[in-house]
Each structure stands twice: as structure tokens, then as C-alpha cells.
Amino acid sequence: MKKGLMLIISGPAGSGKGTVNRHLLATGDFVYSISATTRAPRPEDTDGVTYHFISREEFISRIESGGMLEYTEYCGNFYGTPRKEAEAVLESGKNLILEIEVDGARQIKEKYPEAILIMLLPPSFKVQESRLRGRGTEPEEKILERLARTKEELRFVDSYDYVVYNYDGCDREAADKILAIVSAKNSSLPRNPSVMEKYFEA
Ligand code: 5GP
């Protein structure tokens, strides 16, 4: 059995990562990697579902014991991918979705060159801005902070493998594009060793 693929999905606020990931998870071929974080839970969070909420001391001790596949400090809080859980999913043959930011994505690519790095984007910065304002849930200051952060993050887009645009109302199409990328990767020669031997043996 083939090991699962590691799929990194990054994208700025308003890119629709959550919705697109839900489509991928609904196929049953993917498992969502639940990150550990030291940030405080928000009303929409559930411990053990959206994140594992742990203390700073606990996080540092996990880094030191090699328990994090990657980690970063983002806006004053630690975020990281628990190693054991991630490795167990890949061994089971399921694909793992890591919804992480660019610094973590870079670390994963160094350790796992076969990981697929996808940048999910709104069609443009203007559309992103209107999506964030349209939500009407956040103060102007927070919106400006998220928009400023987008410019920072996109500076690293060249280290990604794919860019997928999420047009208004087209989140299913965006998920389908990601499924096509996964399917292409599974047909690649590195994922299919010993073609000749297997062909004649069957
Ligand atoms: P939020 O606090 O809004 O849930 O997440 C802030 C940022 O941290 C988002 O860009 C999110 O993708 C990223 N993030 C979440 N989990 C991880 C992780 O395990 N590792 C890294 N490197 N980034 C993460």
C-alpha cells in the first residue's frame, strides 16, 4: 500500500481554506492534521478538534523532544504539527491536510520534498478585501492587520508547487482542482516504482 501524501494548504484570510478543506475531507481520502497551539481558544474553537490548545511550557518541551514535525511563532503564539499523529495518518495510506502558514510549509518541504504545497488564493487582493469587509464580524483594525499579513505571506509564494484560485461561489471547483493535483501526483513515476517488474509479474 502506498503511503499517504502530505498536502499543505496555505492561504490568506478570506481565501476559503476552511470550506475547500471540508470538500476534500468529505471524500474520505483525507485526514485533517490538528495542530497544537499556545494561542487562546476563540468562540468557534473546540479543543482537540480545531486545535490542541497547550501551554507555552508544554509546547517548548514538545519541540525539544522532537514531537513537532514543524512549528512557527505567529503573532506571538506557537503553532505546530504533532509528529506522531501525522506519521500515523501517512502510514495508514490516507492523505494528510496541513492547513499551515508559509514558514511551516517551507520546513515541511525541506524534510519531505514529496509534500505538495498549494497556495489557495481569492481571485485578487481587491476581492479578498471585500470578502473580509463583507463578513462584517471584525473591527477595521483587525481587517487591516490581516490584509497587511497577506503581503508578507505572498512574498514566499514562489516556494509553493501550485496556486489555486477560489472564485466567488466556486469553492467546489477549487477543491476539484486540488483533487486533480493529488491524482496527478499519484500517477507520477516516483509514486509508482518498479513499473516494469510489476507489470510483467501481474
Ligand atoms: P489562527 O490563529 O487564525 O487559527 O491561525 C493563524 C495562522 O497559523 C494561520 O495561517 C494558520 O494556517 C497557521 N497555522 C495553524 N496551525 C499551524 C501549524 O501547525 N503550523 C504552522 N506553521 N502554522 C499553523
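Residues numbered from 1 in each chain as written. Predicted model: local features only at pLDDT ≥ 70, side-chain atom pairs only at ≥ 80, totals over all residues. Heavy atoms only, no water.

Colleague: With reference to specific residues and values, describe the site of the ligand.
Modeller: For the ligand, the set of nearby residues contains 14 residues, the closest of which are Ser35, Arg39, Tyr51, Tyr79 and Glu101. Tyr51 places a polar side-chain atom, nitrogen or oxygen, 2.6 Å from an oxygen atom of the ligand. Expressed as a share of its isolated accessible area of 510 Å², the protein-covered part of the ligand is 89%. When residues of the shell around the ligand are traced back to their parent elements, those giving at least two are strand E5 (68-74) and strand E6 (77-82). Taken together, the residues of the shell around the ligand sort by class into four nonpolar, five polar and five charged. (Near = heavy atom within 4 Å. Polar contact = N/O pair within 3.5 Å; in protein donor to acceptor, adjacent residues only side chain to side chain. Areas by Shrake-Rupley, 256 points an atom, 1.4 Å probe, with all protein chains shown as cover. Helix = DSSP H or I, 4+ residues; strand = E, 2+ residues; numbered from the N terminus. Nonpolar A, V, L, I, M, F, W, Y, C, P; charged D, E, K, R; others polar.)

Colleague: Please give an account of a nonpolar patch on the surface that cites residues and values.
Modeller: There is a patch of nonpolar side chains on the surface, built from Val163, Tyr165 and Tyr167 and spanning about 270 Å² of accessible area. Of note, Tyr165 is situated in strand E9 (residues 162-165). Judged by relative accessible area, Tyr165 falls into the partly exposed class, the value being 33%. (Patch = residues over 30% accessible without salt bridge, like charges linked within 9 Å, V, L, I, M, F, W, Y side chains within 5 Å. Salt bridge = Lys/Arg side-chain N within 4 Å of Asp/Glu carboxyl O. Buried < 20%, exposed > 50% of the residue type's maximum accessible area, 1.4 Å probe, protein only.)

Colleague: Provide a residue-level description of the packing of helix H1 (residues 17-26) against helix H7 (residues 171-186), including the pertinent values.
Modeller: As a packed pair, H1 and H7 sit with axes 9 Å apart at the nearest point and diverge in direction by 55°. The orientation of H1 with respect to H7, classified from their angle, is oblique. When you trace H1 past H7, the crossing you get is right-handed. Between H1 and H7, the residues in contact are Thr19, Val20, His23 and Leu24 and Asp171, Arg172, Ala174, Ala175, Ile178 and Leu179, respectively. (Axes fitted to C-alpha atoms, helices over the stretch in contact; angles between N-to-C directions. Parallel < 35°, antiparallel > 145°, perpendicular 65-115°, else oblique. Left-handed = near helix turned anticlockwise from the far one by under 90°. Contact = heavy atoms within 4.5 Å.)

Colleague: For the packing of aromatic side chains, give the residues involved together with the corresponding values.
Modeller: As enumerated under the stated definition, the model contains eight aromatic pairs in all. Consider the rings of Tyr199 and Phe200, whose centres lie 5.4 Å apart with planes at 90°: the pair is edge-to-face. Put simply, the rings of Tyr51, Phe53, Tyr74 and Tyr79 pair up and form one aromatic cluster. (Phe/Tyr/Trp six-rings, centres within 6.5 Å; stacked < 30°, edge-to-face > 60°.)

Colleague: How would you summarise the pairing of strand E8 (residues 116-121) if you had to cite specific residues and measurements?
Modeller: Taking burial as the measure, the six residues of E8 include six buried ones, the bulk of the element. Residues Ile116, Ile118 and Leu120 point to one face of E8 and Leu117, Met119 and Leu121 to the other, with burial holding for every one of them. Two strands pair when backbone bridges link them, and E8 and E9 are joined in this way by four bridges, in the parallel orientation. The partner of Ile118 across the bridge, within E9, is Tyr162. (Pairing = 2+ DSSP bridges.)

Colleague: Which residues make up the nonpolar core, and what values do they have?
Modeller: Formed by 18 residues in total, the largest nonpolar core has its most connected members in Met6, Ile8, Leu96, Leu98 and Ile108. Beyond its immediate stretch of four places on either side in the chain, Leu98 contacts Met6, Leu7, Ile8, Ile9, Ser33, Thr81 and Ile108. Among the nonpolar cores identified, the runner-up in size contains 16 residues, and Leu5, Val20, Leu120 and Ile178 belong to it. (Core = buried A, V, L, I, M, F, W, Y, C linked by side-chain atoms within 4.5 Å.)

Function cannot be read off these values alone, since they describe shape.
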